[in-house]
Amino acid sequence: MGSVGGPARRPRRTLMTGYHHEKDQVRRRLRRIEGQIRGLQRMVDEDSYCIEVLTQVSAVTKALQSVALQLLDDHLGHCVQDAIARGGADADAKVAEASQAIARLMRS
């Protein structure tokens, strides 16, 4: 059960993540997106034209989707593939988890 006011968090896993070899690249991309968000905040503070702000929101959204797709690809190629190779209930769970993640990405 989660803390008051927040969702339940999964326990921290000690297993290697699918993106561990590309962790620095993912962090750089997220820092760039963080900079874009700060730029958006400045645009709003400076009363920039609505369409210009919306254009930048679109760029940030595309950048986040790109990171999400990379993480999903890494998850499928590492975590899911390893679970399938081991077989059993873990394989079914990893496939279902990936399917749910894809569904969430499609809704966003």
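In this text the structure is predicted, and so the values were computed from the model without any measurement.

Trainee: Please clarify how the overall build of the protein should be interpreted in this entry.
Mentor: The helix and strand inventory of the protein stands at 3 helices and 0 strands. Secondary structure elements of the protein occur, N-terminal to C-terminal, as α-α-α. A total of 108 residues make up the protein; the buried ones form 22% of that total. Sequence separation of 24 or more characterises 56% of the internal contacts of the protein that already satisfy a separation of 6 or more. Looking at the protein as shown, the accessible area adds up to about 8600 Å², and 56% of this sits on carbon and sulfur atoms.

Trainee: Can you help me understand the pattern of salt bridges in this one?
Mentor: Summed over all chains, the structure comprises 3 salt bridges. One salt bridge in this structure joins Glu34 and Arg38, with 3.6 Å as the shortest N-O distance. One end of the pair is Glu34 and the other is Arg38, both in helix H1 (residues 23–45) and 4 residues apart, which spans about a single turn. Its salt-bridge partner being Arg86, residue Asp90 comes within 2.7 Å of it at the nearest N-O pair.

Trainee: So what exactly am I meant to see when it comes to helix H3 (residues 89–107) here?
Mentor: Every α-helix carries 3.6 residues per turn, so stepping three or four residues along brings you back to the same face. Spanning 19 residues, H3 covers 27 Å between terminal C-alpha atoms, matching the ideal 27 Å at 1.5 Å per step. Ala91, Lys94, Glu97, Ala98 and Ala101 are the residues of H3 that are buried. All buried residues of H3 project into a common sector of 125° when viewed along the axis, lining one side. Relative to its buried face, H3 has exposed residues pointing more than 90 degrees away, namely Ala89, Asp92, Met106 and Arg107. Packing partners of the buried residues in H3 comprise helix H2 (50–86).

Trainee: Would you take a moment to explain the environment of Val60 for this structure?
Mentor: Structurally, Val60 is set in helix H2. On the basis of relative accessible area, Val60 is assigned to the buried category, the value being 6%. Excluding anything up to four places from it in sequence, Val60 contacts Ile33, Gln36, Ile37 and Leu40.

Trainee: Can you help me understand unusual backbone geometry in this one?
Mentor: Among all residues save glycine, negative phi is the norm, and among peptide bonds the norm is trans. Even without being glycine, Asp47 reaches a positive phi, approximately 55°. With a relative accessible area of 69%, Asp47 lands in the exposed category.

Trainee: What is the right way to read the packing of H2 against H3 from this model?
Mentor: Helices that pack against each other are described as a pair by the angle of their axes relative to one another and the distance between those axes. Two numbers describe how H2 lies on H3: the axes approach to 8 Å, and their chain directions differ by 165°. As summarised for this structure, H2 and H3 are arranged roughly antiparallel, according to the angle between their axes. As for the relative orientation of H2 and H3, their crossing is left-handed in sense. Residues Ala68, Leu72, His75, Leu76, Cys79, Val80, Ala83, Ile84 and Arg86 of H2 pack against Asp90, Ala91, Lys94, Val95, Glu97, Ala98, Ile102 and Leu105 of H3. The residue makeup of the contact of H2 with H3, split by class, is 12 nonpolar, 1 polar and 4 charged.

Calculation criteria
- Residues numbered from 1 in each chain as written.
- Predicted model: local features only at pLDDT ≥ 70, side-chain atom pairs only at ≥ 80, totals over all residues.
- Heavy atoms only, no water.
- Helix = DSSP H or I, 4+ residues; strand = E, 2+ residues; numbered from the N terminus.
- Buried < 20%, exposed > 50% of the residue type's maximum accessible area, 1.4 Å probe, protein only.
- Contact = heavy atoms within 4.5 Å.
- Areas by Shrake-Rupley, 256 points an atom, 1.4 Å probe, with all protein chains shown as cover.
- Salt bridge = Lys/Arg side-chain N within 4 Å of Asp/Glu carboxyl O.
- Expected span 1.5 Å × (residues − 1).
- Arc of directions from axis to C-beta.
- Axes fitted to C-alpha atoms, helices over the stretch in contact; angles between N-to-C directions.
- Parallel < 35°, antiparallel > 145°, perpendicular 65-115°, else oblique.
- Left-handed = near helix turned anticlockwise from the far one by under 90°.
- Nonpolar A, V, L, I, M, F, W, Y, C, P; charged D, E, K, R; others polar.

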